[in-house]
Amino acid sequence: MSANRPAAVVVLAAGEGTRMKSATPKVLHELCGRSLVGHVLAAAGELHAENTVAVVGHAREKVTAHLGEIAPDVRTAVQAEQNGTGHAVRIGLEALGGALDGTVVVVCGDTPLLTGETLRTLAATHTEDGNAVTVLSAEVPDATGYGRIVRDDSGAVTAIVEHKDATDAQRAIREINSGVFAFDGQLLAEALKKVRTDNSQGEEYLTDVLGILREAGHRVGASVAGDHREIAGINNRVQLSEARRILNDRLLTEAMLAGVTVIDPATTWVDVTVTFEQDSVVHPGTQLHGSTHLGEGAEVGPNCRLTDTRVGAGARVDNTVAVGAEVGPGASVGPYAYLRPGTRLGAKGKIGTYVETKNASIGEGTKVPHLSYVGDATIGDYSNIGAASVFVNYDGREKHHTTIGSHCRTGSDNMFVAPVTVGDGAYTAAGSVITKDVPPGSLAVARGQQRNIEGWVARKRPGSAAAKAAEAASRGSAEEG
């Protein structure tokens, strides 16, 4: 085990979070594509600790299930009754077999802005200074309501004084306690046995460990976070929104410094799992979620929402909703398109205005320009699908597939009743309902023969505006004749 590699990380995730006013446990609330506890675990993961345990309590079935999905290697320990942070850490250590040799880092499950770099610095400071415990602290513009970090002349921490108990001189201190600590594992386990519950809440406070260790002659230190916002805990929806804005700005700044153009960061929202290549452009009003990736020179927006969607190099996506789709290099989508899961648009292809696609493979250079639905289909290369076309894929019980070949030209207002195949180079006439396979190079015409019934309006709608217009037109034709 390396000098700075902790023996364990203990994540405190047992609280109810009543101020969230939600049926969802606080640590499962989401921002930028991850739960609160998911962000904390991602940061803690950069420590590469020997063990990580999450202490769960309120709604533990939901929290444990979520942890199983996002971090299956993380152990869980149940705090059946929330009897304080010291009690929670004791339960976490017991799940790992008790006292541990090495550093134990304790983090809160509701601090999504905490970074791995800050935790690494905390662990390194703890080891280098030879501390029994090291507090992660921060200097804040307004420390009202927070516990103050009181130091001696050597820089060692002598106390954490709560605001209500602080003197005027102590209240002037701007360095505050974050609730994140690095402990000597053996000393922590011994000190937790001595924590008392004779306080107003009748709980075991983890902060009492600092006084116990100092009184025993051990050194207590602090590591100051570079950005005080990192230590902010989330207790209500307002704070959740503020954290989302901060994290989103952090992600967009990283993207822009890497060569991405973000026209309006204030209206652009991204998840932590979104990736970009150089010279991609994001226009205002755009949301990028999940595993979405923008290729080199791709241009997305305005007003797009892409989830788990890959946009190829040089492609253009405008005013579009896409989920689980792939847009090939140089292709164009929108405006006002809806790409549902399984859509694959080939290089230089086009999905145009008011087009919906689902489980559709659309070949290179092929165009579906407007007002169409393409579902459960394979379309070859360099074909054109006429306006107002519908791929009729559902018979009420099962979905069926339509195949259209390469270099086909299908007419406007076509219905392709699956299962059906249109061969390479074939044409279909406007207004056709295609129910049979069309051989390659053929023209398919499937519509009733037009019949004009003259004088129908005069007989059936006498005196109507249409009848008067028709009569005037007839007189004009007669006079011209």
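Before reading on, note that the structure itself is shown above.
This report concerns the structure included in the present document. Keep in mind it's a predicted model, so treat the numbers as computed, not measured. (Residues numbered from 1 in each chain as written. Predicted model: local features only at pLDDT ≥ 70, side-chain atom pairs only at ≥ 80, totals over all residues. Heavy atoms only, no water.)

**Some points on the overall build of the protein**
Looking only at helices and strands, the protein features ten helices and 37 strands. Here the C-alpha radius of gyration of the protein, 33 Å, is well above what a compact globule of 481 residues would show, namely 23 Å. Each of the three principal axes of the protein carries a C-alpha extent, and together these read 115 × 50 × 45 Å. A burial count over the protein gives 46% of its 481 residues as buried. Long-range contacts, defined here as pairs at least 24 residues apart, represent 40% of the contacts in the protein between residues at least 6 apart. If you sum the accessible surface of the protein, you get close to 22,700 Å²; carbon and sulfur atoms cover 48% of it. Considering the protein, the positive charge centre built from 45 side chains and the negative charge centre built from 56 side chains are found 9 Å apart. (Helix = DSSP H or I, 4+ residues; strand = E, 2+ residues; numbered from the N terminus. Rg over C-alpha atoms; globule rule 2.2 N^0.38 Å. Buried < 20%, exposed > 50% of the residue type's maximum accessible area, 1.4 Å probe, protein only. Contact = heavy atoms within 4.5 Å. Areas by Shrake-Rupley, 256 points an atom, 1.4 Å probe, with all protein chains shown as cover. Lys, Arg positive; Asp, Glu negative; His and termini not counted. Charge placed at Lys NZ, Arg CZ, Asp CG, Glu CD.)

**Focus: the pattern of salt bridges**
By the definition in use, this model includes 15 salt bridges. A salt bridge links Arg90 to Glu94, with the shortest nitrogen-to-oxygen separation between them at 3.8 Å. Of the two residues, Arg90 and Glu94 both sit in helix H3 (residues 85–95), four residues apart, roughly one turn of that helix. The network of salt bridges with shared partners includes Arg90, Glu94 and Glu204. (Salt bridge = Lys/Arg side-chain N within 4 Å of Asp/Glu carboxyl O.)

**As for the pairing of strand E10 (residues 175–184)**
Each regular strand displays side chains that alternate between the two surfaces of the sheet. E10 sits mainly inside the fold: nine of its ten residues count as buried. Two elements, strand E6 (residues 103–108) and E10, share four bridges in a ladder whose sense is antiparallel. Across the sheet, Val104 pairs through a bridge with Phe183, a residue of E10. Of the strand pairs in this sheet, strand E7 (residues 133–139) and E10 are connected by seven bridges, and their pairing is antiparallel. (Pairing = 2+ DSSP bridges.)

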